[in-house]
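Close look at the chain arrangement
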Amino acid sequence: MQTDMLKGKLITLCVTGGIAAYKAPILVRRLKEKAAIVQVIMTKNAENFVTPLALETVSNNKVIYSLFNEGDNIKVEHIDIADKSDFIVIAPASANIIGKIANGIADDFLSSMILAYTKKVLFVPAMNVNMYNNPIVQKNMEFLNSFENYYFMEALEGDLACGYSGKGRMPDPPLIVNEIEYLLTEKPLRNKKILITAGATKEYIDPVRYISNPSTGKMGYALASQAIKLGATVTLLSHKGCLELPYRVNKVDYFTSVDSLKELIDKYIDEHDLIIMSAAVGDIKIKNYNTQKIKKNNKSWDLEFSSTPDVLKSIQHKKIFKIGFAAESNNHSQNAQLKLENKGLDMIVLNDISREDIGFQSDFNQITIFTKNNSKSFDKLSKEETAIKILEEYIKFT
Ligand code: CTP
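1. Brief notes about the overall build of the protein
Within the protein one finds 13 helices and 21 strands. A principal-axis box enclosing the C-alpha atoms of the protein has dimensions of 85 × 50 × 35 Å. Buried residues in the protein amount to 49% of all 398 residues. Pairs at least 24 apart in sequence give 66% of the contacts found in the protein among residues at least 6 apart. For the protein, the exposed area adds up to about 19600 Å²; of that, 47% sits on carbon and sulfur atoms.

2. Concerning the pattern of salt bridges
Note on pairing: side chains with opposite charge can pair once their charged atoms come close. Tallied over the entire structure, the rule returns 24 salt bridges. Across the pair Asp 107 and Lys 100 runs a salt bridge, and its minimum N-O distance is 2.7 Å. Accessibility expressed as a relative area gives 11% for Lys 100, which makes it buried. We note a salt bridge from Asp 357 to Lys 380, for which the minimum N-O separation is 3.2 Å.

3. Some details on the sheet that holds strand β5 (residues 150–152)
Taken together, five strands build an open sheet; the order of strands is β2-β1-β3-β4-β5 and the sheet is parallel. Strand pairing shows two members of the sheet lacking a second neighbour, β2 (37–42) and β5, which therefore form its edges. Averaged over all neighbouring strand pairs, the angle between strand axes comes to 20°, with direction disregarded. One ladder, built from four bridges, connects strand β3 (residues 87–93) with strand β4 (residues 121–125); its direction is parallel. Within the sheet, the bridge partner assigned to Ala 93 lies in β4 and is Pro 125. Packing against the sheet, helix α4 (residues 95–102) makes contact with β3, β4 and β5, and its axis sits at approximately 135° to β3. The sheet strands contacting helix α7 (residues 135–145) are β4 and β5, and the helix crosses β5 at an angle near 130°.

4. Regarding the site of the ligand
By nearness alone, 16 residues border the ligand, and Met 277, Ala 279, Phe 325, Lys 339 and Lys 343 come closest of all. Met 277 is positioned with one of its backbone polar atoms (N or O) 2.9 Å from an oxygen atom of the ligand. Within the side chain of Asp 283, a nitrogen or oxygen atom sits 3.0 Å from an oxygen atom of the ligand. Here the ligand loses 78% of its free accessible area of 570 Å² to cover by the protein chains. Those elements giving two or more residues to the shell around the ligand turn out to be α11 (311–314) and β16 (321–328). Per-element accounting of the shell around the ligand gives the leading share, four residues, to β16. Among the residues making up the shell around the ligand, the classes are represented as nine nonpolar, three polar and four charged.

Reading the values: rules and limits
- Residues numbered from 1 in each chain as written.
- Predicted model: local features only at pLDDT ≥ 70, side-chain atom pairs only at ≥ 80, totals over all residues.
- Heavy atoms only, no water.
- Helix = DSSP H or I, 4+ residues; strand = E, 2+ residues; numbered from the N terminus.
- Buried < 20%, exposed > 50% of the residue type's maximum accessible area, 1.4 Å probe, protein only.
- Contact = heavy atoms within 4.5 Å.
- Areas by Shrake-Rupley, 256 points an atom, 1.4 Å probe, with all protein chains shown as cover.
- Salt bridge = Lys/Arg side-chain N within 4 Å of Asp/Glu carboxyl O.
- Pairing = 2+ DSSP bridges.
- Axes fitted to C-alpha atoms, helices over the stretch in contact; angles between N-to-C directions.
- Near = heavy atom within 4 Å.
- Polar contact = N/O pair within 3.5 Å; in protein donor to acceptor, adjacent residues only side chain to side chain.
- Nonpolar A, V, L, I, M, F, W, Y, C, P; charged D, E, K, R; others polar.

So this is what it looks like as structure tokens:
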């Protein structure tokens, strides 16, 4: 498993006629950023909306944009590209190309190549709302979708370039890249439902002040994204932050205090096979919450605290695979192993919080994974790569 699954892959981008073709160069850029090799093929109509030169420049590759009369070997070339491509994406996919493929028509380079292609093809339709809703177009899409190697992204609602408002907009390039990555990744977690917690709890003192910790939630979000790519159905319990929600996440719910996090876990836990408790859960809360803002000239700032519930410990009787995190600054391994045992976990991920270059606020982590009989240490990795290591260890138990 890898985070850079597009690296070195030949992605053939087919651009057909429609105003959304103006997004094609951006899609090429996003694919190139992932180190993919991009081959662009355009229909004659697409040339009305975006120039072959623009696509040639961004893809750094020859663009095929005319009919069969392009060159001597062009008839062979469409088979050659079909053979070599790791994935084909048609974006935008016009009603015309959808209709042609649905009817087995191969009257230009692009349609011939698609018919000669046996691996996965992603159609990203974009057109006028009335065309999109036309029962003929809908029927064609339904028919194509029934084939094992054909996939569709739904057009989005919104204002369309034709002046209409409704369904027909092409999803933005980053979403298309996400979908390509999703379709290219194997799915060892296909039948797994995973509950993931992410971020920091907050214990309010009064309406404007709270006690919390520096967790950003990045580790939990990376776990959610990678688990989804590997086929899992993910429920994410998150603090309210500003991270982008993982693509294709099944459900998201938000917590603030430890009590509210516990309530959510109690609500969802029975529907899941695995819980990954990556949230940084606070251990203390205020005894008497002040419903009014405490004025700064009040006589004393003496506050009384009580303990929060240990959420993981409270679910130790549940028959679900449990992965916890151990945030340690000293006696790392010993403390992590104690937590594994005391909290009734199947696995614990040790984080060293004494280092500034990893963990809280950073995009990196350096972990050791403990199970009941084993431990495994990893190098410093991005949080996405760390997430994959954790999920790979879990997969060994499934
Ligand atoms: N955790 C929890 N409930 C708490 C505190 C922590 O469920 N009240 C979970 C965390 O989400 C993490 C694991 O328990 O997965 C270990 O958290 P950590 O903060 O490392 O340890 P604590 O249990 O809080 O113990 P200590 O602060 O003494 O290290």
